[in-house]
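Structure assessment
The primary structure of each chain is shown beneath.
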Amino acid sequence: ERVGRHIDMAPDFTGSVLRRERIVPTELEYGYAIPHPLDRDMADRSFFSVTILSNPVKWKKRKVRIVLLTYIKEDAEKLEAFYDSFARLVTNGEYAASLMEKPTYDNLMNIAKHIHQEIS
């Protein structure tokens, strides 16, 4: 709902995400989940939304506290850089711990700057 206030999404966006989760849950190590829709043409543009929960929830098997709702439009530019940055974020336990300890936009941006420096 929060993302839908800023991005034009298909009426069945949430349903597509839930169908995708039933096929293969997107829970990862370090408390991440990366839900995304199964279907194409679900939003007018690519986006990446970060939600850090106060308390972990059991996703499928793992406990999740950081939800990275993602949608990549097929014609998105610079996908390689996005995927590289995204992979570095979700495979680094220190980043997860930092986000959970200090769940602020500024902290997320500091982590993003650090990742950008790593890949530049």
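Residues numbered from 1 in each chain as written. Predicted model: local features only at pLDDT ≥ 70, side-chain atom pairs only at ≥ 80, totals over all residues. Heavy atoms only, no water.

Things to note about the packing of aromatic side chains
- Within this structure, the stated rule accounts for seven aromatic pairs.
- Taken together, a centroid distance of 5.6 Å and an interplanar angle of 80° make the contact between Phe 48 and Phe 86 edge-to-face. Remark: Phe 86 occurs in helix α2 (residues 79–90) and Phe 48 occurs in strand β2 (residues 47–58); sequence separation between them is 38 residues.
- Here the aromatic cluster, defined as three or more aromatic residues joined through ring pairs, consists of Phe 48, Phe 82, Tyr 83 and Phe 86. (Phe/Tyr/Trp six-rings, centres within 6.5 Å; stacked < 30°, edge-to-face > 60°. Helix = DSSP H or I, 4+ residues; strand = E, 2+ residues; numbered from the N terminus.)

Quick notes on the layout of surface pockets
- For the largest pocket, the calculated volume is near 440 Å³.
- Lining the largest pocket are 18 residues, and of these Phe 48, Leu 89, Leu 108, Met 109 and Ala 112 sit closest to its centre.
- Those elements giving two or more residues to the lining of the largest pocket turn out to be β2, α2 and α4 (105–119).
- At eight residues, α4 tops the list of elements feeding residues into the lining of the largest pocket.
- Residues that form the lining of the largest pocket fall into these classes: 15 nonpolar, three polar and no charged.
- In this structure, the second largest pocket spans a volume of roughly 370 Å³.
- In this structure, the second largest pocket is lined by 16 residues; those nearest its centre are Thr 14, Val 17, Pro 35, Val 67 and Leu 69. (1 Å grid on protein atoms, 1.4 Å probe; cavity = no way out; pocket = protein on both sides within 12 Å on 5 of 7 lines; lining within 4 Å. Points joined across faces, edges and corners; volume = space filled by probe spheres on them. Nonpolar A, V, L, I, M, F, W, Y, C, P; charged D, E, K, R; others polar.)

So, the packing of α2 against α4
- Two numbers describe how α2 lies on α4: the axes approach to 10 Å, and their chain directions differ by 115°. Considering the relative orientation of α2 and α4, their crossing is right-handed. From α2, Ala 81, Asp 84, Ser 85, Arg 88 and Leu 89 reach across to α4, where they touch Ile 111, Ile 115, Glu 118 and Ile 119.
- In terms of residue class, the contact of α2 with α4 is built from five nonpolar, one polar and three charged. (Axes fitted to C-alpha atoms, helices over the stretch in contact; angles between N-to-C directions. Left-handed = near helix turned anticlockwise from the far one by under 90°. Contact = heavy atoms within 4.5 Å.)

Examining α4
- For α4, with 15 residues, the first-to-last C-alpha span of 21 Å sits near the 21 Å given by 1.5 Å per residue.
- Burial in α4 covers these residues: Asn 107, Leu 108, Ile 111 and Ile 115. All buried residues of α4 lie within an arc of 100° about the axis, which places them on one face of the element. Facing away from the buried side of α4 by more than 90 degrees, the exposed set consists of Tyr 105, Asp 106, Lys 113, His 116 and Gln 117.
- Packing partners of the buried residues in α4 comprise β2, α2 and α3 (93–101). (Expected span 1.5 Å × (residues − 1). Buried < 20%, exposed > 50% of the residue type's maximum accessible area, 1.4 Å probe, protein only. Arc of directions from axis to C-beta.)

Purely geometric numbers; function is a separate question.
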